[in-house]
Amino acid sequence: MSSTPNSRRTERTGQSAGEDRPPDHPEQGPEREGPAEAAGRDSGEVERLRARVEELEDLRRRALADLDNLRKRMTREVETQRRAQRAEATAAWLPVLDDLERALQHAESDPASVVEGVRSVRDRAVATLRDLGYPRREDLGVPFDPARHSAVAVRPDPDVPPGTVVEVHQPGYGDDENQLRPALVSVSAEAG
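Keep in mind that what you see is a predicted model, and the values were worked out from it rather than measured.

## Looking at the overall build of the protein
When helices and strands are tallied, the protein shows three helices and five strands. Starting at the N terminus, the α and β elements of the protein follow one another as α-α-α-β-β-β-β-β. Taken across its 192 residues, the protein has 16% of its residues classed as buried. In the protein, of all internal contacts separated by at least 6 residues, the share reaching a separation of at least 24 is 53%. Summed over its atoms, the accessible surface of the protein is roughly 14800 Å², and 54% of this surface lies on carbon and sulfur atoms.

## Section: the pattern of salt bridges
Using the criterion set out here, one finds 19 salt bridges in the structure. In this structure, Arg-61 and Glu-57 form a salt bridge, with 3.5 Å as the shortest nitrogen-oxygen distance. Residue Arg-61 and its partner Glu-57 are located together in helix H2 (residues 35-109), separated by four residues, close to a single helical turn. Residue classification places Arg-61 among the partly exposed positions, given a relative accessible area of 44%. Two residues, Glu-79 and Arg-86, come together in a salt bridge whose shortest N-O distance is 3.5 Å. Since its relative accessible area comes to 30%, Glu-79 is described here as partly exposed. Taken together, the shared-partner salt bridges in this structure form one network comprising Arg-137, Asp-139, Arg-148 and Asp-176.

## A few points about the sheet that holds strand S1 (residues 149-156)
In space, the three strands of this open sheet follow the order S1-S5-S2, with mixed pairing throughout. In this open sheet, the two strands that pair with only one neighbour each are S1 and strand S2 (165-170). Sheet twist, expressed as the average angle between the axes of neighbouring strands with direction ignored, equals 25 degrees. Of the strand pairs in this sheet, S1 and strand S5 (residues 183-189) are connected by seven bridges, and their pairing is parallel. Across the sheet, the residue bridging to Ser-150 is Leu-184, located in S5.

## Side note on the confidence of the model for the protein
For the protein, per-residue confidence averages 82 on the pLDDT scale, and residues scoring 70 or more make up 78% of the total. Counted against residues more than four places away or in other chains, residues 6-18, with its pLDDT under 50, gives 16 contacts. A low-confidence stretch, residues 25-30 stays under pLDDT 50, and its non-local contacts, those more than four residues away or across chains, total three contacts.

## Describing helix H3 (residues 113-131)
Taking 1.5 Å of rise per residue, the 19 residues of H3 would be expected to cover 27 Å, and the 27 Å separating its terminal C-alpha atoms lies within 8% of that figure. By the burial criterion, the buried members of H3 are Ser-113, Gly-117, Val-121, Ala-125, Val-126, Ala-127, Thr-128 and Leu-129. Trailing H3 by a residue or two, Gly-133 shows a phi angle of about 100 degrees, which is positive.

What counts, and at which threshold
- Residues numbered from 1 in each chain as written.
- Predicted model: local features only at pLDDT ≥ 70, side-chain atom pairs only at ≥ 80, totals over all residues.
- Heavy atoms only, no water.
- Helix = DSSP H or I, 4+ residues; strand = E, 2+ residues; numbered from the N terminus.
- Buried < 20%, exposed > 50% of the residue type's maximum accessible area, 1.4 Å probe, protein only.
- Contact = heavy atoms within 4.5 Å.
- Areas by Shrake-Rupley, 256 points an atom, 1.4 Å probe, with all protein chains shown as cover.
- Salt bridge = Lys/Arg side-chain N within 4 Å of Asp/Glu carboxyl O.
- Pairing = 2+ DSSP bridges.
- Axes fitted to C-alpha atoms, helices over the stretch in contact; angles between N-to-C directions.
- pLDDT = per-residue confidence, 0-100.
- Expected span 1.5 Å × (residues − 1).

Here's what the structure looks like:
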């Protein structure tokens with residue numbers, strides 16, 4: 001087949017050489033927008049997306065500022081709570097100090113009252129520790145527990161089972177969940 005201008009037009013458009021109607025392509029139909037309209041639509045979409053990004057960036061900055069303010073406020077509140085707790089614990093010890101001062105005042109006039117004064121101060125101090133959440137433990141005669149006791153000596157004792165606390169050198173304070181210090185103890189061993 002020879003290639004004439006009319007035959008090329010027919011191949012390209014699918015029309016015969018004599019037809020003058022526009023080709024039936026969707027991209028050139030009256031419903032489709034042209035390049036200028038598409039560019040305008042795309043430009044509007046880009047602007048809308050830019051505005052959304054700016055809005056989200058502003059929200060992010062505000063959230064970071066709120067978080068920073070929260071951190072600062074929490075730091076201040078924690079420090080305020082610490083000061084209040086220190087003041088409360090210190091105030092709990094003031095009666096003990098008062099008892100010591102009274103014992104010293106009576107010691108000059110009646111030296112025998114010193115023992116009674118010291119005993120009273122000790123009792124008040126033990127009660128204060130208990131009230132603060134650290135009760136004194138009576139560990140004599142109980143099985144040795146490494147979580148509650150610190151063994152400083154082991155000695156044979158035929159009267160008690162091995163591994164029993166036979167002497168308390170320094171009492172422990174607190175309970176299993178909140179221990180201030182373990183008791184220093186001597187533990188029984190098998191007589192050998």
